[in-house]
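# Commentary on secondary and tertiary structure
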Amino acid sequence: MSENTTTTTTAPTENLRERALKLDATDPLAGRRALFALDDGVYLDGNSLGALPVHVPARVQDVLTRQWGELRIRSWDESGWWTAPERIGDRIAPLVGAAAGQIVVGDSTSVNVFKAVVAAVRIAGEGRDEILVDATTFPTDGYIASAAARLTGHRIVPVAPADVLAALGPRTAAVLLNHVDYRSGRLHDLPGLTAAVHAAGAVAVWDLCHSAGALPVGLDEHRVDLAVGCTYKYLNGGPGSPAYLYVAERHQAVFDSPLPGWNSHADPFGMTAGYAPADGSVRGRVGTPDIVSMLTLEAALDVWDGVSVDAVRAKSLALTDFFLECVEAYVPAGRVVSVTPAAHAERGSQVALRCAEAEPVMRRLIERGVVGDLRRPDVLRFGFTPLYVGFADAERAARILADVLAEVPAGDTVG
Ligand SMILES: *Cc1c(COP(=O)(O)O)cnc(C)c1O
(Lines give C-alpha, C1' and ligand atoms only; values in the text may rest on other atoms or scores of the structure.)
Protein backbone atom coordinates (compact mmCIF):
# COMPACT_ATOMS: atom_id res chain seq x y z
CA MET A 1 0.00 0.00 0.00
CA SER A 2 1.42 3.37 -0.93
CA GLU A 3 1.70 6.00 1.72
CA ASN A 4 -0.85 8.00 -0.12
CA THR A 5 -3.47 5.24 0.01
CA THR A 6 -2.85 4.69 3.71
CA THR A 7 -3.49 8.33 4.48
CA THR A 8 -6.69 8.56 2.49
CA THR A 9 -8.24 5.39 3.88
CA THR A 10 -7.48 6.07 7.54
CA ALA A 11 -7.68 9.83 7.59
CA PRO A 12 -11.24 10.43 8.84
CA THR A 13 -10.98 8.07 11.80
CA GLU A 14 -7.45 9.13 12.74
CA ASN A 15 -8.27 12.81 12.44
CA LEU A 16 -11.39 12.57 14.51
CA ARG A 17 -9.71 10.44 17.16
CA GLU A 18 -6.84 12.86 17.40
CA ARG A 19 -9.15 15.81 17.59
CA ALA A 20 -11.14 14.08 20.33
CA LEU A 21 -8.00 13.60 22.39
CA LYS A 22 -7.03 17.24 21.97
CA LEU A 23 -10.50 18.43 22.89
CA ASP A 24 -10.47 16.24 26.00
CA ALA A 25 -7.03 17.52 26.95
CA THR A 26 -8.21 21.14 26.95
CA ASP A 27 -11.68 20.50 28.41
CA PRO A 28 -12.03 22.49 31.65
CA LEU A 29 -14.64 20.00 32.90
CA ALA A 30 -12.62 16.86 32.12
CA GLY A 31 -11.62 16.42 35.76
CA ARG A 32 -15.24 16.00 36.85
CA ARG A 33 -15.50 12.55 35.29
CA ALA A 34 -13.43 11.04 38.09
CA LEU A 35 -16.18 12.08 40.51
CA PHE A 36 -18.54 9.52 38.98
CA ALA A 37 -18.79 5.73 39.15
CA LEU A 38 -18.41 4.79 35.49
CA ASP A 39 -16.93 1.85 33.65
CA ASP A 40 -15.00 1.97 30.39
CA GLY A 41 -18.17 1.93 28.30
CA VAL A 42 -19.75 5.11 26.95
CA TYR A 43 -22.71 6.19 29.04
CA LEU A 44 -25.04 8.32 26.95
CA ASP A 45 -28.18 7.87 29.00
CA GLY A 46 -27.61 10.50 31.66
CA ASN A 47 -30.71 12.26 30.36
CA SER A 48 -32.69 9.30 31.68
CA LEU A 49 -30.71 8.33 34.79
CA GLY A 50 -27.62 10.31 35.72
CA ALA A 51 -24.55 8.39 36.89
CA LEU A 52 -23.70 7.88 40.56
CA PRO A 53 -21.16 10.29 42.07
CA VAL A 54 -18.68 8.07 43.91
CA HIS A 55 -18.88 9.89 47.23
CA VAL A 56 -22.64 9.43 47.56
CA PRO A 57 -22.88 5.88 49.01
CA ALA A 58 -20.84 6.82 52.09
CA ARG A 59 -23.06 9.83 52.70
CA VAL A 60 -26.20 7.74 52.37
CA GLN A 61 -24.68 5.16 54.69
CA ASP A 62 -24.31 7.93 57.27
CA VAL A 63 -27.93 8.97 56.79
CA LEU A 64 -29.03 5.42 57.47
CA THR A 65 -26.69 4.26 60.21
CA ARG A 66 -26.00 7.42 62.18
CA GLN A 67 -28.82 9.83 61.42
CA TRP A 68 -31.58 7.27 61.44
CA GLY A 69 -29.92 4.39 63.31
CA GLU A 70 -28.49 6.40 66.19
CA LEU A 71 -30.11 9.82 66.35
CA ARG A 72 -33.50 8.53 65.25
CA ILE A 73 -36.23 11.15 65.78
CA ARG A 74 -33.66 13.79 66.77
CA SER A 75 -32.48 13.91 63.16
CA TRP A 76 -35.55 15.86 62.10
CA ASP A 77 -33.82 18.80 63.79
CA GLU A 78 -30.23 17.80 64.41
CA SER A 79 -29.55 16.35 60.95
CA GLY A 80 -31.59 19.01 59.19
CA TRP A 81 -34.19 16.62 57.86
CA TRP A 82 -37.14 18.94 58.35
CA THR A 83 -35.68 21.80 56.35
CA ALA A 84 -34.10 19.63 53.63
CA PRO A 85 -36.72 20.44 50.93
CA GLU A 86 -35.96 24.18 51.02
CA ARG A 87 -32.24 23.78 51.67
CA ILE A 88 -31.79 21.48 48.68
CA GLY A 89 -34.04 23.72 46.61
CA ASP A 90 -31.56 26.51 47.28
CA ARG A 91 -28.74 24.26 46.03
CA ILE A 92 -30.59 23.68 42.76
CA ALA A 93 -31.54 27.35 42.40
CA PRO A 94 -28.24 28.64 40.93
CA LEU A 95 -28.28 25.84 38.36
CA VAL A 96 -31.57 27.13 36.96
CA GLY A 97 -30.99 30.84 37.45
CA ALA A 98 -33.18 31.34 40.49
CA ALA A 99 -32.47 33.37 43.61
CA ALA A 100 -32.77 31.50 46.89
CA GLY A 101 -36.13 30.91 48.53
CA GLN A 102 -38.16 29.99 45.46
CA ILE A 103 -37.53 26.27 44.97
CA VAL A 104 -38.72 23.42 47.10
CA VAL A 105 -37.72 19.79 46.54
CA GLY A 106 -40.15 16.92 46.96
CA ASP A 107 -42.61 14.58 45.27
CA SER A 108 -42.30 13.47 41.66
CA THR A 109 -42.29 15.69 38.60
CA SER A 110 -45.79 14.45 37.80
CA VAL A 111 -47.09 15.61 41.19
CA ASN A 112 -45.35 18.96 40.83
CA VAL A 113 -46.86 19.45 37.36
CA PHE A 114 -50.24 19.03 39.03
CA LYS A 115 -49.48 21.56 41.76
CA ALA A 116 -48.04 24.03 39.27
CA VAL A 117 -50.81 23.84 36.67
CA VAL A 118 -53.63 24.14 39.21
CA ALA A 119 -51.81 26.98 40.99
CA ALA A 120 -51.18 28.68 37.64
CA VAL A 121 -54.84 28.77 36.62
CA ARG A 122 -55.73 30.06 40.07
CA ILE A 123 -53.15 32.83 39.66
CA ALA A 124 -54.58 33.64 36.20
CA GLY A 125 -57.97 34.18 37.81
CA GLU A 126 -61.54 34.15 36.55
CA GLY A 127 -62.60 34.56 32.95
CA ARG A 128 -59.86 32.49 31.35
CA ASP A 129 -60.80 28.93 30.61
CA GLU A 130 -58.01 27.39 28.55
CA ILE A 131 -54.81 25.58 29.47
CA LEU A 132 -52.36 25.27 26.59
CA VAL A 133 -50.14 22.24 26.80
CA ASP A 134 -47.26 21.12 24.65
CA ALA A 135 -48.76 18.40 22.46
CA THR A 136 -45.36 16.80 21.93
CA THR A 137 -44.65 16.60 25.63
CA PHE A 138 -43.49 13.69 27.74
CA PRO A 139 -46.92 12.06 28.19
CA THR A 140 -47.22 12.43 31.96
CA ASP A 141 -47.30 16.24 31.67
CA GLY A 142 -50.24 16.01 29.28
CA TYR A 143 -52.11 13.48 31.39
CA ILE A 144 -51.70 15.53 34.52
CA ALA A 145 -52.54 18.83 32.84
CA SER A 146 -55.73 17.26 31.47
CA ALA A 147 -56.74 16.07 34.91
CA ALA A 148 -55.94 19.51 36.34
CA ALA A 149 -58.09 21.09 33.63
CA ARG A 150 -60.98 18.77 34.42
CA LEU A 151 -60.80 19.53 38.12
CA THR A 152 -60.62 23.28 37.67
CA GLY A 153 -63.22 23.51 34.89
CA HIS A 154 -60.76 24.47 32.18
CA ARG A 155 -60.41 23.24 28.64
CA ILE A 156 -57.13 21.64 27.61
CA VAL A 157 -55.68 22.82 24.31
CA PRO A 158 -52.85 20.61 23.01
CA VAL A 159 -50.55 22.69 20.87
CA ALA A 160 -47.18 22.16 19.21
CA PRO A 161 -44.64 24.58 20.70
CA ALA A 162 -44.26 26.27 17.32
CA ASP A 163 -47.98 27.10 17.37
CA VAL A 164 -48.18 28.47 20.89
CA LEU A 165 -48.04 32.09 19.75
CA ALA A 166 -51.04 31.64 17.47
CA ALA A 167 -53.00 29.78 20.15
CA LEU A 168 -52.51 32.35 22.92
CA GLY A 169 -55.43 34.66 23.58
CA PRO A 170 -57.72 36.26 26.15
CA ARG A 171 -59.05 32.82 27.10
CA THR A 172 -55.61 31.42 27.95
CA ALA A 173 -55.11 30.91 31.67
CA ALA A 174 -51.87 28.92 31.72
CA VAL A 175 -49.37 27.39 29.36
CA LEU A 176 -47.35 24.27 30.21
CA LEU A 177 -44.25 23.83 28.06
CA ASN A 178 -41.07 21.78 28.01
CA HIS A 179 -37.80 23.60 27.86
CA VAL A 180 -36.20 20.73 25.92
CA ASP A 181 -38.25 18.08 24.12
CA TYR A 182 -37.42 14.66 25.57
CA ARG A 183 -37.63 12.91 22.23
CA SER A 184 -35.99 15.20 19.69
CA GLY A 185 -33.74 17.21 22.00
CA ARG A 186 -35.21 20.45 20.63
CA LEU A 187 -34.67 23.46 22.90
CA HIS A 188 -37.62 25.81 23.01
CA ASP A 189 -37.40 29.57 23.29
CA LEU A 190 -38.10 30.02 26.98
CA PRO A 191 -37.50 33.78 27.08
CA GLY A 192 -39.60 34.51 23.98
CA LEU A 193 -42.45 32.16 24.81
CA THR A 194 -42.62 33.31 28.43
CA ALA A 195 -42.84 36.94 27.27
CA ALA A 196 -45.59 36.02 24.80
CA VAL A 197 -47.55 34.15 27.48
CA HIS A 198 -47.30 37.21 29.72
CA ALA A 199 -48.34 39.55 26.90
CA ALA A 200 -51.51 37.44 26.60
CA GLY A 201 -52.10 37.84 30.34
CA ALA A 202 -51.48 34.18 31.07
CA VAL A 203 -49.17 32.26 33.40
CA ALA A 204 -46.16 30.30 32.12
CA VAL A 205 -45.25 26.90 33.59
CA TRP A 206 -42.04 25.32 32.35
CA ASP A 207 -40.90 21.73 32.68
CA LEU A 208 -37.11 21.68 33.01
CA CYS A 209 -36.57 17.91 33.16
CA HIS A 210 -34.28 17.89 30.12
CA SER A 211 -32.59 21.26 30.56
CA ALA A 212 -31.67 21.70 34.23
CA GLY A 213 -28.05 20.68 34.67
CA ALA A 214 -27.35 20.81 30.94
CA LEU A 215 -27.83 24.45 30.00
CA PRO A 216 -28.64 27.85 31.51
CA VAL A 217 -32.35 28.29 32.21
CA GLY A 218 -32.57 31.81 33.64
CA LEU A 219 -35.85 31.40 35.54
CA ASP A 220 -35.65 34.76 37.33
CA GLU A 221 -34.12 36.66 34.42
CA HIS A 222 -36.91 35.59 32.06
CA ARG A 223 -39.65 36.05 34.64
CA VAL A 224 -40.91 32.48 34.49
CA ASP A 225 -43.92 32.10 36.76
CA LEU A 226 -43.73 28.46 37.81
CA ALA A 227 -41.44 25.60 36.90
CA VAL A 228 -40.91 21.95 37.70
CA GLY A 229 -38.12 19.52 37.00
CA CYS A 230 -36.75 16.17 37.96
CA THR A 231 -33.39 15.56 39.60
CA TYR A 232 -32.46 12.06 38.44
CA LYS A 233 -31.45 13.08 34.90
CA TYR A 234 -28.71 15.71 34.49
CA LEU A 235 -28.68 16.40 38.24
CA ASN A 236 -27.66 12.80 39.05
CA GLY A 237 -29.86 12.53 42.15
CA GLY A 238 -30.43 8.78 41.81
CA PRO A 239 -33.34 6.62 40.74
CA GLY A 240 -36.63 8.24 41.70
CA SER A 241 -34.94 11.15 43.46
CA PRO A 242 -37.45 13.88 44.33
CA ALA A 243 -38.39 16.58 41.86
CA TYR A 244 -38.62 20.32 42.50
CA LEU A 245 -41.09 23.14 42.19
CA TYR A 246 -40.19 26.76 41.49
CA VAL A 247 -42.69 29.46 42.39
CA ALA A 248 -41.48 32.95 41.52
CA GLU A 249 -41.33 35.10 44.61
CA ARG A 250 -43.93 37.51 43.23
CA HIS A 251 -46.49 34.66 43.13
CA GLN A 252 -45.71 32.98 46.44
CA ALA A 253 -48.31 34.87 48.46
CA VAL A 254 -51.06 33.83 46.03
CA PHE A 255 -49.76 30.33 45.34
CA ASP A 256 -52.81 28.24 46.23
CA SER A 257 -51.77 24.60 46.34
CA PRO A 258 -54.22 21.91 45.29
CA LEU A 259 -52.37 19.58 47.70
CA PRO A 260 -52.14 21.61 50.91
CA GLY A 261 -50.65 18.96 53.14
CA TRP A 262 -49.52 19.61 56.68
CA ASN A 263 -45.90 20.17 55.64
CA SER A 264 -47.00 23.36 53.89
CA HIS A 265 -48.86 24.67 56.93
CA ALA A 266 -47.69 27.85 58.64
CA ASP A 267 -47.61 25.94 61.93
CA PRO A 268 -47.37 22.26 61.06
CA PHE A 269 -46.87 21.10 64.63
CA GLY A 270 -49.78 23.19 65.90
CA MET A 271 -51.93 20.37 64.49
CA THR A 272 -54.83 22.76 64.09
CA ALA A 273 -57.99 21.84 62.23
CA GLY A 274 -57.88 24.84 59.91
CA TYR A 275 -55.35 25.21 57.12
CA ALA A 276 -53.12 28.27 56.99
CA PRO A 277 -50.39 28.20 54.35
CA ALA A 278 -46.77 28.89 55.21
CA ASP A 279 -44.96 31.72 53.47
CA GLY A 280 -42.36 31.22 50.80
CA SER A 281 -41.33 28.07 48.99
CA VAL A 282 -42.49 25.91 51.95
CA ARG A 283 -46.00 26.42 50.60
CA GLY A 284 -45.17 24.00 47.79
CA ARG A 285 -44.58 21.11 50.17
CA VAL A 286 -47.17 18.39 50.73
CA GLY A 287 -46.38 15.60 53.21
CA THR A 288 -43.36 14.15 54.98
CA PRO A 289 -40.35 14.39 52.69
CA ASP A 290 -38.73 11.31 51.24
CA ILE A 291 -35.63 11.86 53.37
CA VAL A 292 -33.34 9.07 52.16
CA SER A 293 -33.80 9.98 48.50
CA MET A 294 -33.66 13.64 49.27
CA LEU A 295 -30.38 13.45 51.14
CA THR A 296 -28.96 11.22 48.42
CA LEU A 297 -29.74 14.04 46.01
CA GLU A 298 -28.21 16.60 48.34
CA ALA A 299 -24.95 14.67 48.43
CA ALA A 300 -25.00 14.19 44.66
CA LEU A 301 -25.28 17.96 44.11
CA ASP A 302 -21.73 18.38 45.45
CA VAL A 303 -20.42 17.58 41.97
CA TRP A 304 -21.70 21.02 40.90
CA ASP A 305 -19.54 22.93 43.36
CA GLY A 306 -17.42 25.35 41.38
CA VAL A 307 -19.01 24.47 38.04
CA SER A 308 -20.40 27.21 35.84
CA VAL A 309 -23.51 26.31 33.89
CA ASP A 310 -22.15 28.36 30.97
CA ALA A 311 -19.12 26.07 30.82
CA VAL A 312 -21.45 23.07 30.88
CA ARG A 313 -23.45 24.52 28.02
CA ALA A 314 -20.35 25.28 25.96
CA LYS A 315 -19.11 21.73 26.37
CA SER A 316 -22.54 20.25 25.71
CA LEU A 317 -22.78 22.04 22.36
CA ALA A 318 -19.22 21.14 21.42
CA LEU A 319 -19.90 17.48 22.30
CA THR A 320 -23.14 17.20 20.35
CA ASP A 321 -21.56 19.02 17.38
CA PHE A 322 -18.60 16.67 17.47
CA PHE A 323 -20.77 13.56 17.79
CA LEU A 324 -22.86 14.66 14.79
CA GLU A 325 -19.67 15.29 12.82
CA CYS A 326 -18.35 11.81 13.66
CA VAL A 327 -21.71 10.23 12.74
CA GLU A 328 -21.60 12.09 9.43
CA ALA A 329 -18.06 10.86 8.78
CA TYR A 330 -18.54 7.23 9.81
CA VAL A 331 -22.14 6.23 9.14
CA PRO A 332 -23.14 5.45 5.56
CA ALA A 333 -25.44 8.10 4.12
CA GLY A 334 -29.13 7.51 4.64
CA ARG A 335 -28.95 5.09 7.57
CA VAL A 336 -29.64 7.68 10.26
CA VAL A 337 -31.15 11.16 10.16
CA SER A 338 -30.66 13.60 13.01
CA VAL A 339 -33.92 14.95 14.36
CA THR A 340 -32.02 17.17 16.77
CA PRO A 341 -31.86 20.74 15.49
CA ALA A 342 -28.54 21.77 13.99
CA ALA A 343 -28.88 25.34 15.31
CA HIS A 344 -27.33 25.75 18.75
CA ALA A 345 -30.16 28.01 19.86
CA GLU A 346 -32.57 25.12 19.31
CA ARG A 347 -30.56 22.24 20.72
CA GLY A 348 -30.59 20.68 24.17
CA SER A 349 -27.91 18.25 25.33
CA GLN A 350 -28.91 15.16 23.42
CA VAL A 351 -28.75 13.88 19.89
CA ALA A 352 -31.71 11.95 18.54
CA LEU A 353 -31.18 9.97 15.38
CA ARG A 354 -34.05 8.56 13.40
CA CYS A 355 -33.12 5.07 12.23
CA ALA A 356 -35.49 2.50 10.75
CA GLU A 357 -33.58 -0.28 12.52
CA ALA A 358 -33.42 1.56 15.84
CA GLU A 359 -34.45 -1.39 17.97
CA PRO A 360 -31.76 -3.94 16.95
CA VAL A 361 -29.20 -1.15 16.61
CA MET A 362 -29.66 0.07 20.17
CA ARG A 363 -29.63 -3.47 21.49
CA ARG A 364 -26.26 -4.07 19.85
CA LEU A 365 -24.87 -0.72 20.92
CA ILE A 366 -25.68 -1.53 24.52
CA GLU A 367 -24.05 -4.95 24.17
CA ARG A 368 -20.87 -3.12 23.15
CA GLY A 369 -21.00 -0.71 26.03
CA VAL A 370 -22.49 2.29 24.24
CA VAL A 371 -25.54 2.98 26.33
CA GLY A 372 -28.14 5.26 24.83
CA ASP A 373 -31.83 4.56 24.67
CA LEU A 374 -34.65 3.95 22.30
CA ARG A 375 -37.77 5.98 21.80
CA ARG A 376 -40.04 3.67 19.85
CA PRO A 377 -40.45 3.09 17.05
CA ASP A 378 -37.44 4.62 15.39
CA VAL A 379 -35.47 7.08 17.49
CA LEU A 380 -31.98 6.40 18.88
CA ARG A 381 -31.40 8.80 21.74
CA PHE A 382 -27.95 9.78 23.01
CA GLY A 383 -27.70 12.06 26.01
CA PHE A 384 -24.49 14.04 26.54
CA THR A 385 -23.82 14.84 30.16
CA PRO A 386 -20.97 17.36 30.09
CA LEU A 387 -19.78 16.52 33.61
CA TYR A 388 -18.77 13.00 32.66
CA VAL A 389 -18.92 12.46 28.90
CA GLY A 390 -15.85 13.36 26.87
CA PHE A 391 -15.02 13.86 23.21
CA ALA A 392 -13.27 10.49 22.88
CA ASP A 393 -16.52 8.94 24.14
CA ALA A 394 -18.46 10.75 21.42
CA GLU A 395 -16.04 9.58 18.73
CA ARG A 396 -16.14 6.01 19.99
CA ALA A 397 -19.92 5.94 20.17
CA ALA A 398 -20.19 7.13 16.56
CA ARG A 399 -17.59 4.60 15.41
CA ILE A 400 -19.36 1.71 17.15
CA LEU A 401 -22.69 2.94 15.76
CA ALA A 402 -21.21 2.68 12.25
CA ASP A 403 -19.93 -0.85 13.02
CA VAL A 404 -23.33 -1.91 14.30
CA LEU A 405 -25.10 -0.46 11.27
CA ALA A 406 -22.79 -2.47 9.07
CA GLU A 407 -24.04 -5.61 10.83
CA VAL A 408 -27.73 -4.73 10.78
CA PRO A 409 -28.82 -4.44 7.17
CA ALA A 410 -31.13 -1.62 6.16
CA GLY A 411 -34.73 -2.78 6.57
CA ASP A 412 -33.93 -5.36 9.28
CA THR A 413 -36.00 -3.93 12.09
CA VAL A 414 -35.74 -7.08 14.21
CA GLY A 415 -31.99 -7.67 13.99
C1 LIG B 1 -38.46 12.66 32.96
C2 LIG B 1 -39.68 13.49 32.77
C3 LIG B 1 -40.77 13.39 33.64
C4 LIG B 1 -40.77 12.36 34.74
O5 LIG B 1 -41.84 12.48 35.58
P6 LIG B 1 -41.86 11.63 36.92
O7 LIG B 1 -43.05 12.08 37.62
O8 LIG B 1 -40.58 11.90 37.62
O9 LIG B 1 -41.91 10.18 36.55
C10 LIG B 1 -41.85 14.23 33.45
N11 LIG B 1 -41.84 15.13 32.45
C12 LIG B 1 -40.83 15.24 31.59
C13 LIG B 1 -40.87 16.26 30.51
C14 LIG B 1 -39.71 14.41 31.71
O15 LIG B 1 -38.70 14.52 30.85
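Note that the structure is predicted; figures quoted are calculated from it, not measured. (Residues numbered from 1 in each chain as written. Predicted model: local features only at pLDDT ≥ 70, side-chain atom pairs only at ≥ 80, totals over all residues. Heavy atoms only, no water.)

What follows covers the domain arrangement of the protein chain. Looking at the protein chain, the domain boundaries give domain 1 (4–29 + 307–407) and domain 2 (57–304). Put simply, the middle of domain 1 and the middle of domain 2, counted by C-alpha atoms, are 32 Å apart. A buried area of about 1700 Å², summed over both sides, lies between domain 1 and domain 2, and 57% of it is on carbon and sulfur atoms. Measuring nitrogen to oxygen at the nearest pair gives 3.1 Å for the salt bridge that ties Glu346 to Arg186. Mapped onto the side of domain 1 that touches domain 2, the elements with two or more residues apiece are α11 (309–330), β10 (350–354) and β13 (379–383). Ranked by residues supplied to the side of domain 1 that touches domain 2, first place goes to α11 with 5 residues. Looking at side-chain class alone, the side of domain 1 that touches domain 2 contains 11 nonpolar, 7 polar and 7 charged residues. (Domains from an automatic or database assignment. Buried area = accessible area lost by both parts, 1.4 Å probe. Salt bridge = Lys/Arg side-chain N within 4 Å of Asp/Glu carboxyl O. Helix = DSSP H or I, 4+ residues; strand = E, 2+ residues; numbered from the N terminus. Nonpolar A, V, L, I, M, F, W, Y, C, P; charged D, E, K, R; others polar.)

Moving on: a nonpolar patch on the surface. Together, Leu64, Trp68 and Val292 make up an exposed nonpolar region whose accessible area comes to about 290 Å². Its place among the elements puts Val292 in helix α10 (residues 291–300). For Val292, a relative accessible area of 37% corresponds to the partly exposed category. (Patch = residues over 30% accessible without salt bridge, like charges linked within 9 Å, V, L, I, M, F, W, Y side chains within 5 Å. Areas by Shrake-Rupley, 256 points an atom, 1.4 Å probe, with all protein chains shown as cover. Buried < 20%, exposed > 50% of the residue type's maximum accessible area, 1.4 Å probe, protein only.)

What follows concerns the sheet that holds strand β6 (residues 203–207). With mixed pairing, 7 strands are arranged side by side in an open sheet as β2-β8-β7-β6-β5-β3-β4. Each having just a single partner strand, β2 (103–105) and β4 (155–159) make up the two edges of the open sheet. Direction aside, the axes of adjacent strands within the sheet are offset by 15 degrees on average. Pairing of strand β5 (residues 172–178) with β6 involves 5 bridges; the strand directions are parallel. Opposite Leu176, over in β6, you have Val205 as the bridge partner. Relative to β2, helix α4 (residues 84–92) is tilted by about 120 degrees, and along the sheet it contacts β2 and β8 (244–247). Docked against the sheet, helix α8 (residues 190–199) engages β5 and β6, running at close to 150 degrees with respect to β6. (Pairing = 2+ DSSP bridges. Axes fitted to C-alpha atoms, helices over the stretch in contact; angles between N-to-C directions. Contact = heavy atoms within 4.5 Å.)

Before going further, it helps to spend a moment on the nonpolar core. Within the largest apolar cluster, 87 residues are counted, with the highest numbers of intra-cluster contacts made by Val96, Leu208, Phe323 and Leu353. Counting the residues that make up this core, at least three belong to each of domain 1 (4–29 + 307–407) and domain 2 (57–304). Apart from residues no more than four positions distant in its own chain, Phe323 is found in contact with Val351, Leu353, Phe382, Phe384, Ala394, Ala397 and Ala398. Judged by nonpolar contacts, the second largest core, of 26 residues, contains Ala119, Ile144, Leu176 and Val203. (Core = buried A, V, L, I, M, F, W, Y, C linked by side-chain atoms within 4.5 Å.)

In this section: the pairing of strand β7 (residues 226–229). The alternating pattern of β7 places Leu226 and Val228 on one face and Ala227 and Gly229 on the opposite face, and all of these are buried. Sheet analysis places β6 next to β7, joined by 3 bridges and oriented parallel. Counterpart to Asp207 in the pairing with β7 is Val228. The sheet contact formed by β7 and β8 spans 4 bridges and is antiparallel. Along β8, the bridge assignment pairs Leu226 with Val247.

Mapped onto the secondary structure, Ser281 falls in the loop between α9 (249–252) and α10. Sequence-wise, Ser281 and Val104 are 177 residues apart; in three dimensions their C-alpha atoms are separated by 5.7 Å.

On to the pattern of salt bridges. A side chain of one charge can pair with a side chain of the opposite charge if their charged atoms are brought near each other. Going through the model one piece at a time under the given rule, you end up with 28 salt bridges. Here Asp279 makes a salt bridge to Arg283, at a shortest N to O gap of 3.8 Å. Judged by its relative accessible area of 66%, Asp279 is exposed. Classification of Arg283 by relative accessible area gives buried; the value is 9%. Connected through salt bridges with shared partners, the residues Arg59, Arg91, Asp302 and Asp305 form a single ionic network.

As enumerated under the stated definition, the model contains 11 aromatic pairs in all. For the ring pair Trp82 and Trp262, a centre distance of 5.6 Å and an interplane angle of 55 degrees mean the geometry is tilted. Remark: Trp262 occurs in the loop between α9 and α10 and Trp82 occurs in the loop between α3 (75–78) and α4; sequence separation between them is 180 residues. Through a chain of ring-to-ring contacts, three or more aromatic side chains come together here, namely Trp76, Trp81, Trp82, Trp262 and Phe269. Of note, Lys233 hangs over the ring of Phe138, and the distance from its end group to the ring centre comes to 5.2 Å. (Phe/Tyr/Trp six-rings, centres within 6.5 Å; stacked < 30°, edge-to-face > 60°. Lys NZ or Arg CZ within 6 Å of the ring centre and 35° of its normal.)

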